[in-house]
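Listed here are the chains, written in short residue letters.
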Amino acid sequence: MKWEGNRESDNVEDRRSDGGGQGFGGGGGLFGGRSIGIGTIVVALVGGWIFGINPLTILGLLSGGGSPAQVQQQPAPAQRPPADDRAAKFVSTVLADTEDVWKDVFARGGSTYKEPRLVLFRGATQTACGQGQAAMGPFYCPGDQKVYIDLGFYDTLTRKLGAPGDFAQAYVIAHEVGHHVQNLLGISGKMDAMRGRVSKVEYNALSVRLELQADCFAGLWAQKAQTSRQILEQGDIAEAMNAAAKIGDDALQRSSGGAVVPESFTHGTSAQRQRWFDTGFKTGSVKACDTFNARNL
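What this report covers is the structure whose coordinates are included nearby. (Residues numbered from 1 in each chain as written. Predicted model: local features only at pLDDT ≥ 70, side-chain atom pairs only at ≥ 80, totals over all residues. Heavy atoms only, no water.)

Some thoughts on the overall build of the chain
Turning to step 1, where the next piece is worked out: On a plain count of helices and strands, the chain comes out with 10 helices and seven strands.
Turning to step 2, where the next piece is worked out: A total of 297 residues make up the chain; the buried ones form 51% of that total.
Turning to step 3, where the next piece is worked out: Contacts in the chain between residues far apart in sequence, at least 24 positions, make up 77% of those at least 6 positions apart.
Turning to step 4, where the next piece is worked out: Of the roughly 12800 Å² of accessible surface on the chain, 49% is carried by carbon and sulfur atoms. (Helix = DSSP H or I, 4+ residues; strand = E, 2+ residues; numbered from the N terminus. Buried < 20%, exposed > 50% of the residue type's maximum accessible area, 1.4 Å probe, protein only. Contact = heavy atoms within 4.5 Å. Areas by Shrake-Rupley, 256 points an atom, 1.4 Å probe, with all protein chains shown as cover.)

Some details on the packing of aromatic side chains
The way to describe two aromatic rings as a pair is by their centre distance and the angle between their planes.
Turning to step 1, where the next piece is worked out: One pass over the structure, following the stated rule, counts nine aromatic pairs.
Turning to step 2, where the next piece is worked out: Plain terms: the ring middles of W3 and F90 are 5.3 Å apart, the flat faces sit at 80° to each other, and that makes the pair edge-to-face. Here W3, found in the segment before strand 1 (12-14), pairs with F90, found in helix 3 (residues 86-108); they are 87 residues apart in sequence, far enough to count as distant. Accessibility classification places W3 together with F90 in one group, the buried group. (Phe/Tyr/Trp six-rings, centres within 6.5 Å; stacked < 30°, edge-to-face > 60°.)

Brief notes about unusual backbone geometry
Turning to step 1, where the next piece is worked out: Despite not being glycine, Q145 shows a phi value in the positive range, around 55°.
Turning to step 2, where the next piece is worked out: For Q230, which is not a glycine, the phi torsion comes out positive at approximately 50°.
Turning to step 3, where the next piece is worked out: Judged by relative accessible area, which is 42%, Q230 ranks as partly exposed.

Some thoughts on the state of the cysteines
A covalent bond between the sulfur atoms of two cysteines is what we call a disulfide.
Turning to step 1, where the next piece is worked out: Inspection of every chain in the model, using the stated rule, returns two disulfides.
Turning to step 2, where the next piece is worked out: Disulfide pairing is shown between C129 and C141; the S-S distance is 2.0 Å. For the disulfide bridge between C129 and C141, the dihedral angle about the S-S bond is near 90°, and by the sign convention the bridge is right-handed. Here C129, found in the loop between strand 4 (124-127) and strand 5 (130-133), pairs with C141, found in strand 6 (residues 139-141); they are 12 residues apart in sequence, far enough to count as distant. (Disulfide = S-S within 2.5 Å.)

A few points about the side chain of R15
Turning to step 1, where the next piece is worked out: Within the secondary structure layout, R15 lies in the loop between strand 1 and helix 1 (38-46).
Turning to step 2, where the next piece is worked out: Of the residues examined, R15 reaches a relative accessible area of 6% and is grouped as buried.

A short note on the nonpolar core
Where a protein is soluble and globular, its nonpolar side chains tend to be buried together.
Turning to step 1, where the next piece is worked out: If you look at the biggest cluster of nonpolar residues, it comprises 54 residues, and the most contacted ones within it are M1, W102, L118, Y154, F167 and W221.
Turning to step 2, where the next piece is worked out: Those elements giving two or more residues to this core turn out to be helix 3, strand 3 (117-120), strand 7 (146-149), helix 4 (153-160), helix 5 (166-184), helix 7 (200-229), helix 8 (236-246) and helix 10 (270-283).
Turning to step 3, where the next piece is worked out: Excluding residues within four positions of it along the chain, F167 makes contact with M1, W221, A222, I231, L232, D236, I237, E239, A240 and F277.
Turning to step 4, where the next piece is worked out: Counting nine residues, the second largest nonpolar core, distinct from the first, contains F121, A134, F139 and C141. (Core = buried A, V, L, I, M, F, W, Y, C linked by side-chain atoms within 4.5 Å.)

Considering the pattern of salt bridges
Between side chains of opposite charge, a pair can form when the charged atoms approach closely.
Turning to step 1, where the next piece is worked out: Enumeration according to the criterion identifies 14 salt bridges in this entry.
Turning to step 2, where the next piece is worked out: Two residues, E13 and K146, come together in a salt bridge whose shortest N-O distance is 3.0 Å. Of the two residues, E13 sits in strand 1 while K146 sits in strand 7, which places them 133 residues apart along the sequence.
Turning to step 3, where the next piece is worked out: Assessed through its relative accessible area of 5%, E13 is described here as buried.
Turning to step 4, where the next piece is worked out: Taking the shortest distance from any N to any O, the salt bridge between D14 and R16 comes out at 2.8 Å. Comparing D14 with R16, the two get one shared label, buried.
Turning to step 5, where the next piece is worked out: Salt bridges sharing partners connect three or more residues here, namely E13, R15, R117 and K146. (Salt bridge = Lys/Arg side-chain N within 4 Å of Asp/Glu carboxyl O.)

Quick notes on helix 10
Turning to step 1, where the next piece is worked out: Over its 14 residues, helix 10 extends 20 Å from the first C-alpha to the last, a length consistent with the 20 Å expected when each residue adds 1.5 Å.
Turning to step 2, where the next piece is worked out: What helix 10 keeps buried is the set S270, Q272, R273, W276, F277, T279 and G280.
Turning to step 3, where the next piece is worked out: Remark: G284 follows helix 10 within two positions and exhibits a positive phi of approximately 60°. (Expected span 1.5 Å × (residues − 1).)

Topic: the packing of helix 4 against helix 5
Turning to step 1, where the next piece is worked out: Running from N to C, helix 4 and helix 5 point in directions that differ by 130°, and their axes come no closer than 11 Å. For the element pair helix 4 / helix 5, the angle class is oblique. With respect to the hand of their crossing, helix 4 and helix 5 are arranged in right-handed fashion. Contacts between helix 4 and helix 5 involve F153, Y154 and L157 on the former and, on the latter, A168, Q169, V172 and I173.
Turning to step 2, where the next piece is worked out: In terms of residue class, the contact of helix 4 with helix 5 is built from six nonpolar, one polar and no charged. (Axes fitted to C-alpha atoms, helices over the stretch in contact; angles between N-to-C directions. Parallel < 35°, antiparallel > 145°, perpendicular 65-115°, else oblique. Left-handed = near helix turned anticlockwise from the far one by under 90°. Nonpolar A, V, L, I, M, F, W, Y, C, P; charged D, E, K, R; others polar.)

See the structure below:
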């Protein structure tokens, strides 16, 4: 991926030195309090804790809870990442590219894009949706309109999940920004309105459509960024498609040694995730990403 020397976003907060928690014990969420390991990673992934809408919000939706929890302890004032931090520079550059793409998309639709902020943290951090933990993987909190990521996740993506490459990492960010777009468009709010009105199986099916749309939005970003700035190198799209395959619900359930249970899917199969990323990439169209009205996923 051709990213070096491109614009970096000003919307990156660095909380890695805040001391928000080393490791994953003591936090909220379905898998809080467990030590990290490949077994925990697989369980967390199968539980829908990767590349998805904020898991704390989903927990609240499924349990019939109210609005996202308010932060009890405010984080330290926002800090910028060090200028010589290559990993942070990469994240900042990808975020800036998503800003450029979505500003243009919204403007063409007669609207204004509100940029999200991206928070780098280590271990755990406070969010407007409760305590975020690295074991969740990257996530988006609609309560504060921020994307959260512990950069250690990229090691997991490469070494544990078999999805290496800088464009696979960019796909992670673009997918979470896709959830921000859904929030701005009111799609996430409609999901929230379904709380308590449908069964768990029905809600899981809606969650799959939400996740696949975020994958499609990630593909849309890739297409428009390539058209405008020629960011892609040979093999980049294959990296993203491989990452999509590795985190399909069916692939994750098989890797955990359990049976594949479609009714429990929350993010879509490997084939579905690849298909919708590809749809966004080939069409560059928000309308084409309407997974909620698609007959076949």
